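Structure at a glance
Here's the letter readout for the chains.
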Amino acid sequence: MVRAGQRAGERTIAFRLTLSARAERELGDIWRYTSERWDSTQADRYLALLHDAITALPFRTRDAGRSFPAGRGYERQRVQSHCIWYRIEGSELHIIAVRHARMRSLSQLH
């Protein structure tokens, strides 16, 4: 059976998702900034968008094409103005950080 967004012959790979304390903190910071800059409704919508992207990552297809290698074993998924930085280790997908897209350097993750 082929799932939505999947081509015939592709295999869906499911990973166990973990979220670092840093990523959780950054999501809170993003919500606060968006709420102060616009309003809480917009902040809720934007965080829901990020949440949807994060929860979809473990169910990506082998040739998803939307994630980009970022060196040192990291990958990143862009979602509007932010990038979700993650690393796959075995059957686990670790969300390392959620940073503004301007912060493209790996040194900024440490």
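As shown above, the structure is provided for reference.
Computed from a predicted structure; not experimentally measured.

Conventions used here
- Residues numbered from 1 in each chain as written.
- Predicted model: local features only at pLDDT ≥ 70, side-chain atom pairs only at ≥ 80, totals over all residues.
- Heavy atoms only, no water.
- Phe/Tyr/Trp six-rings, centres within 6.5 Å; stacked < 30°, edge-to-face > 60°.
- Buried < 20%, exposed > 50% of the residue type's maximum accessible area, 1.4 Å probe, protein only.
- Lys NZ or Arg CZ within 6 Å of the ring centre and 35° of its normal.
- Salt bridge = Lys/Arg side-chain N within 4 Å of Asp/Glu carboxyl O.
- Helix = DSSP H or I, 4+ residues; strand = E, 2+ residues; numbered from the N terminus.
- Expected span 1.5 Å × (residues − 1).
- Contact = heavy atoms within 4.5 Å.
- Axes fitted to C-alpha atoms, helices over the stretch in contact; angles between N-to-C directions.
- Parallel < 35°, antiparallel > 145°, perpendicular 65-115°, else oblique.
- Left-handed = near helix turned anticlockwise from the far one by under 90°.
- Nonpolar A, V, L, I, M, F, W, Y, C, P; charged D, E, K, R; others polar.

**Comments concerning the packing of aromatic side chains**
Counted by the stated rule, this structure contains one aromatic pair. Taken together, a centroid distance of 6.4 Å and an interplanar angle of 80° make the contact between Y33 and W38 edge-to-face. Classification of W38 by relative accessible area gives exposed; the value is 54%. In this arrangement the basic side chain of R37 is found over the ring face of W38, its NZ or CZ atom lying 5.3 Å from the centre.

**A closer look at the pattern of salt bridges**
Close approach of charged atoms allows side chains with opposite charge to pair. Enumeration over the complete set of coordinates arrives at five salt bridges. R99 is the salt-bridge partner of E26, the closest N and O atoms lying 3.0 Å from each other. In this pair, E26 sits in helix α1 (residues 21–37) while R99 sits in strand β5 (residues 92–100), placing the two residues 73 residues apart along the sequence. On the basis of relative accessibility, which here comes to 10%, the residue E26 falls in the buried class. A salt bridge links E89 to R87; its shortest N-O distance comes to 3.9 Å. Given a relative accessible area of 40%, E89 falls into the partly exposed group. One salt-bridge network, held together by shared partners, links R22, E26 and R99.

**Brief notes about the environment of A21**
Mapping A21 onto the fold places it in helix α1. Sequence separation between A21 and I96 is 75 residues; the distance between their C-alpha atoms is 8.4 Å.

**Quick look at α1**
Taking 1.5 Å per residue, 17 residues should reach 24 Å; α1 reaches 24 Å between its end C-alpha atoms and fits that length. Among all positions in α1, only A23, E26, L27, I30, T34 and S35 are buried. On its buried side, α1 packs onto β1 (16–19), α2 (40–56), β4 (82–89) and β5.

**Thoughts on the packing of α1 against α2**
It is the contact of α1 with α2, at a shortest axis distance of 7 Å, that shows an interaxial angle of 150°. Taken together, α1 and α2 sit at an angle that is classed as roughly antiparallel. In this structure, α1 crosses over α2, and the sense of that crossing is right-handed. Between α1 and α2, the residues in contact are L27, I30, W31, T34 and S35 and S40, Q42, A43, D44, Y46, L47, L50 and I54, respectively. Per-class residue counts for the contact of α1 with α2 are eight nonpolar, four polar and one charged.

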